[in-house]
Amino acid sequence: MATRGIDFGYGFLTQESSFDVQFSLIEYSGSDSYARAYLVGLLNTLLVSILGIIFCTILGVIVGIARLSPNYLIRTTAAWYVEFFRNIPLLLQIFFWYYAALRALPLPQEADPMLGSFYLTIKGFYTPSLVWINLDIFIYSVIAAIVAIVFVRLYAKKLRENQGKHIPVLNISITILFILPLLTFFIGGVNVTYELPVLKQLAKTSFIFEGGLSIPPELLSLVIALSLYTATFIAECVRAGIEGISKGQREAAASIGLNRKQILNLIIMPQALRIIIPPATNQYLNLTKNSSLAAAIAYPDLVLVFAGTALMQTGKAIEIVSITMLTYLTLSLLISLLMNWYNARIAIVEK
Amino acid sequence: MFKNIKKILSLLAVASLVFVYSCDQMAGKKNQKKGASKTVDATKKSGFVKCGVSQGLPGFSNADASGNWTGVDVDICRAVAAAVLGDADKVKYTPLSAKERFTALTSGEIDVLSRNTTWTLSRDADIGLTFVGVNFYDGQGFMVRKNSGINSVDDFQNGISACTNIGTTTELNMRDFFNSRNISYEPVAFEKADEVVAAYDAGRCDTYTTDKSGLAAQRTKMSNPDEHMVLPETISKEPLGPVVRQGDSVWEDIVRWSLNVMIEAEEYGIDSQNADMMKSSDNPAIKRLVGAEGELGAAFGLDNEWSLRIIKQVGNYGESYKRNIADTGILPDRGPNELWTKGGILYVPPAR
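Rules used in this analysis
Residues numbered from 1 in each chain as written. Chains lettered and ligands numbered in written order. Predicted model: local features only at pLDDT ≥ 70, side-chain atom pairs only at ≥ 80, totals over all residues. Heavy atoms only, no water. Helix = DSSP H or I, 4+ residues; strand = E, 2+ residues; numbered from the N terminus. Buried < 20%, exposed > 50% of the residue type's maximum accessible area, 1.4 Å probe, protein only. Contact = heavy atoms within 4.5 Å. Lys, Arg positive; Asp, Glu negative; His and termini not counted. Charge placed at Lys NZ, Arg CZ, Asp CG, Glu CD. Buried area = accessible area lost by both parts, 1.4 Å probe. Salt bridge = Lys/Arg side-chain N within 4 Å of Asp/Glu carboxyl O. Polar contact = N/O pair within 3.5 Å; in protein donor to acceptor, adjacent residues only side chain to side chain. Nonpolar A, V, L, I, M, F, W, Y, C, P; charged D, E, K, R; others polar. Pairing = 2+ DSSP bridges. Expected span 1.5 Å × (residues − 1). Core = buried A, V, L, I, M, F, W, Y, C linked by side-chain atoms within 4.5 Å. Domains from an automatic or database assignment. Axes fitted to C-alpha atoms, helices over the stretch in contact; angles between N-to-C directions. Parallel < 35°, antiparallel > 145°, perpendicular 65-115°, else oblique. Left-handed = near helix turned anticlockwise from the far one by under 90°.

Some remarks on the overall build of chain A
The helix and strand tally for chain A stands at 10 helices and seven strands. Dimensions of chain A, computed from C-alpha atoms along their principal axes, come out at roughly 75 × 60 × 40 Å. Across the 351 residues that make up chain A, the buried fraction comes to 42%. In chain A, once contacts between residues fewer than 6 apart in sequence are set aside, the share between residues at least 24 apart is 66%. Of the side chains in chain A, 24 bear a positive and 19 a negative charge, and the two mean positions are spaced by 15 Å.

Here it is as structure tokens:
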């Protein structure tokens, strides 16, 4: 390295970054340090990964179950969806959702409102935002509701094991989750108003929306592409998991008088999850790592902000790439750890 | 489990020892005899100049359908090849993104970076690079849609979105510019120039900002070039020029003077057509440039006709500009890139 005239050191992290980032979850401007730019990129990566994991799981489970549906139409549609999205390279899909789908969207001034004041435009998705008064009390009430639900579940389990009685836990939980926070509006002094996005003219033919919440199209297309792509793999994991449970289990459950829903929830799923979780963990890891393709469509994730702009401005290639690699390694290990813990929890306890 | 971790750790320790040792070895070879150049030797051995260029910027470095590179930046690579190897075609081009370019040079993947790169203090001093000169004086500008009603940068308002490339001085200049005017803006930064153009063309951004020569060149790629225009203001100085790695002063001199010879040849009216006839000129400065007098090449360890080969095979700066930038309609007017004797700012030290 000395021959090439490269000097090594991490001192640059405290220097002023002097570049701006399009979209950030924390307060950031170019007068902040490179370390903060790193944090901005990391949070953006986490945001897109978490959103992607949530959506791909929901969609994946639905499609996975749909593939086993007795209904021909549902089964075939799900199969076509899986085969189509699974076999096209992810980068192409991201390009499609960003360039092709974006081009079809209207300019802000031509956008028609959806449901009153949601606008989907080429410059982003604009929604009304909520303005809270006494938000902290509201959050406490939600936490209280969750604690209450845990107790209800424990009680229900005891009741089932001791007396064989069933109480509708799910319905009670949902009721608590709604009623408790709702009460704070009447007694806690919590109030919420909303702010609508308003069209603003910048120049003769150039408009944007101001106010409300704006979601950049880069984030939107990335989450759509990642979720649709990874959901196909999750769906296959779910299908494999369910098909891995022998037919005898279902028949035995039916013979003791459980209905279809009970069979799926009490017999099939608890066993299937053991088969589903390990390969699904791989898919979550893939999704997180694939989110680095964001750089291609200007979504300011870790790779674009830190391993892109920051690397360029400082020239500290070895330092920055090593930090970025370590970060992805840590993220992946954390996800594995979490999923392994969950897997151990749901594993069959051998007696 | 723990046994494995121990194994991995000891493996890592061995690997890092090997790495440190090889670094030491490389450092030891640095002390070499004067006048010799490792890069020149390696270039002569491999038979071509390893040159880093852009991924496609018309007028500067752009490959045609059959893979032939042309442009004023490409001509620098060709000039170096003509001087060192005797044949301007003996160049191996490596297309690089803005992000990759400096790493490619410092790591030794290329030996000359001729890729519309702005000369700045931090790049020159920090990254282990040396800028050898300026082959194009540029400045950052803005492109907007003609029907947008924006006719100058004074019409920009809060909330404007600007598309650009990451890893360029553009990104920093843009911030300085908008901050000094107290305008809030949305930077949308892409990795490749083609992606920036596509996004701006689709209407994602209100303006596209980069070097003005780049704007002029990229405008030709738009779906409808006539709908767009470049605003008159220039918000920064962008002296573009070739870069070499720090630490090989002979190689650095060869690249620097390959560029200077092209500019000086234009000043003395020597071009690719009349170069041989100029050998019998009365002017000693001209005779030196075409190798008929003096020993100019000896200082670099080159023969005396190195500069003649550059002029004959590549042409002088004016020919290169005309062929690549003026005749292709990118920037017909030479502006500051005219010789100092004709009102421009091209002024190079004398070759003597």
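Remarks on the interface of chain A and chain B
Opposite the 49 residues of chain A that make contact, chain B presents 50 residues. When chain A packs against chain B, close to 3800 Å² is buried across both sides, 53% of that on carbon and sulfur atoms. As a salt-bridge pair, R175(B) and D20(A) come within 3.5 Å of each other at their nearest N and O atoms. Counting every contact that joins chain A to chain B gives eight residue pairs in polar contact (both at pLDDT 80 or more). Residue contributions to the side of chain A that touches chain B peak at nine residues, all from helix α9 (residues 302-314) of chain A. The class makeup of the residues in the side of chain A that touches chain B is 25 nonpolar, 15 polar and nine charged.

Some details on the pattern of salt bridges
If you walk through the whole model with that rule in mind, you get 24 salt bridges over all chains. A salt bridge links D154(B) to R181(B); the shortest N-O distance between them is 2.8 Å. Remark: R181(B) occurs in the loop between α6 (169-180) and β10 (185-190) and D154(B) occurs in the loop between β8 (140-145) and β9 (160-165); sequence separation between them is 27 residues. The class for D154(B) is exposed, based on a relative accessible area of 54%. One continuous salt-bridge network, built from bridges that share partners, spans R67(A), E83(A), R86(A), E236(A) and R239(A).

Examining the pairing of strand β5 (residues 198-203) of chain A
Direction of pairing for β5(A) relative to strand β6 (residues 206-210) of chain A: antiparallel, over a ladder of five bridges. Of the residues in β6(A), the one forming a bridge with A203(A) is S206(A).

Topic: helix α3 (residues 72-85) of chain B
Residues and elements named next belong to chain B. Compared with an ideal rise of 1.5 Å per residue, which puts 14 residues at 20 Å, α3 spans 20 Å between its outermost C-alpha atoms and is within 8% of the ideal. Here α3 lies mainly inside the structure; 13 of its 14 residues are buried. Looking one or two residues beyond α3, the residue adopting positive phi is G86, at roughly 85°.

Things to note about helix α8 (residues 212-219) of chain B
α8(B) sits mainly inside the fold: six of its eight residues count as buried. Where α8(B) is concerned, the buried positions are S213(B), G214(B), L215(B), A216(B), A217(B) and Q218(B).

Structural notes on the nonpolar core
One finds L222(A), C163(B), F190(B) and Y208(B) to be the most contacted residues of the largest nonpolar core, which totals 61 residues. Mapped by element, the contributors of at least two residues to this core are α1 (34-66), α2 (72-86), α3 (90-103), α6 (217-243), α8 (260-290) and α10 (317-346) of chain A together with β10 and α7 (193-202) of chain B. Non-local contacts of F190(B), meaning those with residues more than four positions away in its chain, are made with Y98(A), Y99(A), A296(A), I297(A), A298(A), C163(B), T164(B), N165(B), I166(B), E195(B), V196(B) and A199(B). L259(B), M262(B), L289(B) and I330(B) belong to the second largest nonpolar core, which has 58 residues in total.

So, the side chain of Q313(A)
When you line up the elements, Q313(A) lands in helix α9. You can call Q313(A) buried: its relative accessible area is 14%. Here the side chain of Q313(A) touches T168(B) through a polar contact of 3.3 Å, landing on its backbone oxygen. Those residues in contact with Q313(A) that lie beyond four places of it in its chain are Y34(A), G167(B), T168(B), E171(B) and L172(B).

Section: the domain arrangement of chain B
Residue and element names in this part refer to chain B. Domains assigned within chain B are domain 1 (38-137 + 240-342) and domain 2 (155-233). Centre-to-centre separation of domain 1 and domain 2, based on C-alpha positions: 29 Å. With both chains or domains summed, domain 1 and domain 2 bury close to 1100 Å², and 61% of this area falls on carbon and sulfur atoms. Across the domain 1-domain 2 interface, the total number found is one salt bridge. Here the side of domain 1 that touches domain 2 is built from residues that sort into eight nonpolar, four polar and three charged.

Section: the packing of α9(A) against α10(A)
Residue and element names in this part refer to chain A. Here α9 crosses α10 at 165°, and the two axes come no closer than 9 Å. It follows that α9 is roughly antiparallel to α10 by the angle criterion. Crossing hand, α9 versus α10: right-handed. Here L302, V303, F306, A307, A310, L311 and T314 of α9 come into contact with α10, specifically with A317, I320, V321, I323, T324, T327 and Y328. Residues of the contact of α9 with α10, tallied by class, amount to 11 nonpolar, three polar and no charged.

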